[in-house]
Amino acid sequence: MSLYLEHLNPEQHAAVTLPEQHALILAGAGSGKTRVLTTRIAWLIKNSLASPGQILAVTFTNKAAREMQTRLSAMLPINPRGMWIGTFHGLCNRMLRAHHRDAGLPQTFQILDSADQLAAVKRIVKSMNVDEDKFPPREVQWFINARKEEGLRAQAVGAQDGITRRYVEMYAAYDAQCQRDGVVDFSELLLRSYELLTRNEVLRAHYAERFRHILVDEFQDTNRLQYRWLRLLCGPNSALFAVGDDDQSIYRFRGANVGNMADFERDFAVEKVIRLEQNYRSQGNILSAANALIAHNENRLGKNLWTAAGEGEPLRVYEANSDLDEARFIVDEVQALSREGVPYQDMAVLYRSNAQSRVIEHALFGAGIAYRVYGGLRFFERAEVKHALAYLRLVATPEDDNALLRVCNFPPRGIGARSVEALVDAARNAPTATDSNTPAFGLGPDNEDARLSRLAGSLWSSIPQLAGKAGTSLQAFRALIERLQQETRGLTLGETAAHVIAHSGLIEHYGKEREGADRIENLNELVNAATGFDPAEAIIDIATGETTDPTVVDPLTAFLSHAALEAGEHQAGEGQDALQMMTVHSAKGLEFQVVFISGLEEGLFPHEQSLNERDGLEEERRLAYVAITRARTRLYLTVAQTRMLHGQTRYNLPSRFLNEVPETLMKWLTPRYNERRARADDAAWLNPGASARGHFSSDFSAGAAAAQSARFAAPASALGGFRIGQSVIHPKFGQGVIVDAEGAGSEARVQVNFSRNGVKWLALGVAKLTAV
DNA sequence: CTACCAGTCCTTTTT
DNA sequence: GGACTGGTAG
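Bear in mind that the values here come from a model prediction, so they are computed numbers and not experimental data.

Description of the packing of aromatic side chains
Here's step 1: All chains considered together, the criterion is met by 19 aromatic pairs.
Here's step 2: Aromatic side chains Trp 84 and Phe 211 sit 5.5 Å apart centroid to centroid with 65° between the ring planes, which places their arrangement in the edge-to-face category. Taken together, the residues span a long stretch of sequence, with Trp 84 in strand β3 (residues 84-87) and Phe 211 in the loop between α10 (201-210) and β6 (213-216) at a distance of 127 residues.
Here's step 3: Assessed through its relative accessible area of 1%, Trp 84 is described here as buried.
Here's step 4: A residue is classified by how much of its surface remains accessible, and Phe 211, at 0% relative accessible area, is buried.
Here's step 5: With centroids separated by 6.2 Å and ring planes inclined at 75°, the aromatic side chains of Phe 380 and Phe 559 adopt a geometry described as edge-to-face.

Okay, here's the thing in structure tokens:
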């Protein structure tokens, strides 16, 4: 056995050396799935079962793609850059650049990120005079993306009711606008590529013949369109090797379809399903807790993780009085662990929603602990960087309306809403390019690319016609961009970026702002990024995949695609030893020696909104499963009895997920739980309607009942035995009923509706209330 | 046209 | 509690 296959366990080995056939690898958390994927590729190449050009490896994130390339180049004496390894979006981008004519796109098409797309949708909603309250742009955006991910163009969407018809109209108008601007959104990359392969059988056959081995990572995260895309590329001689874990499917809210795993087994008549169940990450108790929790889900393919490591410590559970107390506890433990020699960067605080991070950050800051929060604005998403990129986009493609609207008045140059409106009107009334042979404004097509990228009706092309004040200022802006185009001709990418930013007025503008120094720093960083950008990374030769051809894409377009597809690292402070803070979602794929899962409360985790969704509770449970399996040796679970949320104190019950982990695996650091658990069990009688519905226990009604009773029961324990709905007697005000409550402990107050004296707020620490 | 203030709405997120 | 939006005053 050759060196690189050593240390594989029997299942991993079987997966890596599987004959050329379709296979589904059910890879549990921490079971070495990335290792299996990369070793599989290396094995195929070393045994001459495939050349590098015959392999297509698809991941979900850039990070995963990079890691695969890094590991591969360590195993093989080849440059993996020439290989088709990348994200779905990155690979589709590659394909569309190569076949842009067939796909009906200009070669320099720009990519809209979500924010750009939302702005574009807003323009559509406005221009169609649609009521924004009835059709919120976010909803419209979601509608469009969801349809695209089903593979449906506007005209293919069946619209029964007037509302849907309106959505469809906006979808159609949005697509037309994108086509005219020469821009493509994320889901469009997929759909356009899919359509290209459907319509062009020669092309499809070429790729299907070429890709003998298609390997897919995180298969449970694929959406329907991605699955169909894979099917198109999978020819009669191709083998599809899908790796995934249905228990870690946590992205259904954005279109991921776990059902693809079952469909794959059926559609491809998969004979080989291999389960990787040995976990190399977590100690026994942590793993047992994860297994016990996830066993409560009904819809599973089934899998049980085990480890050769010992049991390790029990899970430590802390029930805090409040979110502040919870934060304080975490800080204390982190400090203690740090003193014991655990590096900060090997500890992580996980939470269900971003809003929870603030309190913990505050406590960490107060204690002087270095921390790093994931999930903030990323480099290429920062306003100043997007502004600079918009200038660069205009230099590349001035017809890009999105870019033009973003910066035509930034920094302010007297082009306000009225001027923009005048320009939009002019563009709308301009002769449109419905007949593709009609040249636009004398910018006759010297070649096909020019025709595709210089369509009439763009804002840019309408500027010269404008008269008056709006015309003057906009023409000055147009002159600026044209000047930049001329001055940067022949310059390198880095020089172009430096020149455009220097003459955009952005530096001067931010120089005047109080907080502008950071922004200018980021602009300089952007110039550095452009200077250091290696376009070869983004360019592959279409015919062979083995050589690179710099003429395929110009460096500026490549850089702009890179900026959109890979928004850059989350935040600075990369190398520093800092405590890691992130949502459970963004923790997927990571591991830490010590993990804190905070906010394990009904309503928060599981999130109350998820209880209204079909199978929402199961997805929340998978999320908890992902969270637990991040920990190697120590896992803390924390609950807060009260929590400030949206400026209001809320009372929550401990999460049901705590009840789903066997007591024997847990060590309670606070004593109150059993008492509270008893109350939780009693909670139903406080709310008879809920218990009646809960009886028919579908996930939905049971979940809703529990969430509702939580609100009734939680104040009872926080209010020293009082609860909402309870009858009480006050020595002065007489008899009444508690109707509301806030605060806890000595701060607790209740609102009582007295039959003779009306509604009053009373502090429990002061008022002498007696329960009846 | 810009700058400031009040009212609203709150999951999760990668590409 | 805070980010974002829309309206109004300057």
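Quick word on the pairing of strand β10 (residues 347-351)
Here's step 1: Most of β10 sits out of view: 5 of its 5 residues are buried.
Here's step 2: The two faces of β10 match: Met 347, Val 349 and Tyr 351 on one face and Ala 348 and Leu 350 on the other face are all buried.
Here's step 3: Two elements, β10 and strand β12 (residues 579-583), share 4 bridges in a ladder whose sense is parallel. When the bridges of β12 are listed, Leu 350 appears paired with Met 582.

Description of helix α14 (residues 323-339)
Here's step 1: The terminal C-alpha atoms of α14 lie 24 Å apart, and with 17 residues this matches the ideal 24 Å at 1.5 Å per residue to within 8%.
Here's step 2: Burial in α14 covers these residues: Asp 323, Asp 325, Glu 326, Ala 327, Phe 329, Ile 330, Val 331, Glu 333, Val 334 and Leu 337.
Here's step 3: In this structure, the buried side of α14 is in contact with β9 (315-322), β10, α15 (357-367), β12, β13 (592-597) and β14 (631-645).

Here we look at the protein's contact with DNA strand C
Here's step 1: Surrounding DNA strand C, one finds Lys 122, Glu 132, Arg 358, His 646 and Gly 647.
Here's step 2: Among atoms of DNA strand C positioned within 4 Å of the protein, sugar and phosphate together represent 50%.
Here's step 3: A class-by-class count of the residues in the surface near DNA strand C yields no nonpolar, 2 polar and 3 charged.

Here's the deal with the protein's contact with DNA strand B
Here's step 1: In the vicinity of DNA strand B there are 31 residues, among which Asn 62, Ser 114, Gly 416, Thr 583 and Glu 613 approach most closely.
Here's step 2: The sugar-phosphate portion of DNA strand B accounts for 53% of its atoms within 4 Å of the protein, the bases making up the rest.
Here's step 3: Within the side chain of His 89, a nitrogen or oxygen atom sits 3.3 Å from a base oxygen of DNA strand B.
Here's step 4: Contacts to DNA strand B include Arg 352, whose side-chain N or O atom sits 3.0 Å from a sugar or linking oxygen.
Here's step 5: Among the elements of the structure, α18 (417-429) and α26 (584-587) are those that each provide at least two residues to the surface near DNA strand B.
Here's step 6: Grouping the amino acids of the surface near DNA strand B by side-chain chemistry returns 8 nonpolar, 17 polar and 6 charged.

Observations regarding α15
Here's step 1: Among all positions in α15, only Ser 357, Val 359, Ile 360, Glu 361 and Leu 364 are buried.
Here's step 2: In the core, the buried residues of α15 are packed alongside α14, β10, β11 (371-373) and β12.
Here's step 3: Phi turns positive, to about 70°, at Gly 368, one or two residues after α15.

A look at the state of the cysteines
Here's step 1: Going through the model one piece at a time under the given rule, you end up with 0 disulfides.
Here's step 2: The thiol sulfur of Cys 178 is not disulfide-bonded, and the nearest other cysteine sulfur, from Cys 92, lies at 16 Å.

Observations concerning the packing of helix α6 (residues 114-127) against helix α8 (residues 162-181)
Here's step 1: Direction vectors running N to C along α6 and α8 enclose 120°, while the axes themselves pass 10 Å from each other. Of the possible angle classes, the one that applies to α6 and α8 is oblique. For the pair α6 and α8, the sense of crossing is right-handed. Residues Gln 117, Ala 120, Val 121, Arg 123, Ile 124 and Val 125 of α6 form the contact with α8, whose own contacting residues are Met 170, Ala 173, Tyr 174, Gln 177, Arg 180 and Asp 181.
Here's step 2: When its residues are assigned to classes, the contact of α6 with α8 shows 7 nonpolar, 2 polar and 3 charged.

Some remarks on empty space enclosed by the protein
Here's step 1: Across all of its chains, the model carries 4 cavities of 30 Å³ or more by this definition.
Here's step 2: Empty space within the largest cavity amounts to approximately 110 Å³.
Here's step 3: Among the secondary structure elements, those contributing two or more residues to the lining of the largest cavity are β4 (110-112), α16 (383-396) and α25 (555-565).
Here's step 4: Within the lining of the largest cavity, the residues separate by chemical class into 6 nonpolar, 1 polar and 4 charged.

Conventions adopted
Residues numbered from 1 in each chain as written. Chains lettered and ligands numbered in written order. Predicted model: local features only at pLDDT ≥ 70, side-chain atom pairs only at ≥ 80, totals over all residues. Heavy atoms only, no water. Phe/Tyr/Trp six-rings, centres within 6.5 Å; stacked < 30°, edge-to-face > 60°. Helix = DSSP H or I, 4+ residues; strand = E, 2+ residues; numbered from the N terminus. Buried < 20%, exposed > 50% of the residue type's maximum accessible area, 1.4 Å probe, protein only. Pairing = 2+ DSSP bridges. Expected span 1.5 Å × (residues − 1). Contact = heavy atoms within 4.5 Å. Near = heavy atom within 4 Å. Nonpolar A, V, L, I, M, F, W, Y, C, P; charged D, E, K, R; others polar. Polar contact = N/O pair within 3.5 Å; in protein donor to acceptor, adjacent residues only side chain to side chain. Disulfide = S-S within 2.5 Å. Axes fitted to C-alpha atoms, helices over the stretch in contact; angles between N-to-C directions. Parallel < 35°, antiparallel > 145°, perpendicular 65-115°, else oblique. Left-handed = near helix turned anticlockwise from the far one by under 90°. 1 Å grid on protein atoms, 1.4 Å probe; cavity = no way out; pocket = protein on both sides within 12 Å on 5 of 7 lines; lining within 4 Å. Points joined across faces, edges and corners; volume = space filled by probe spheres on them.

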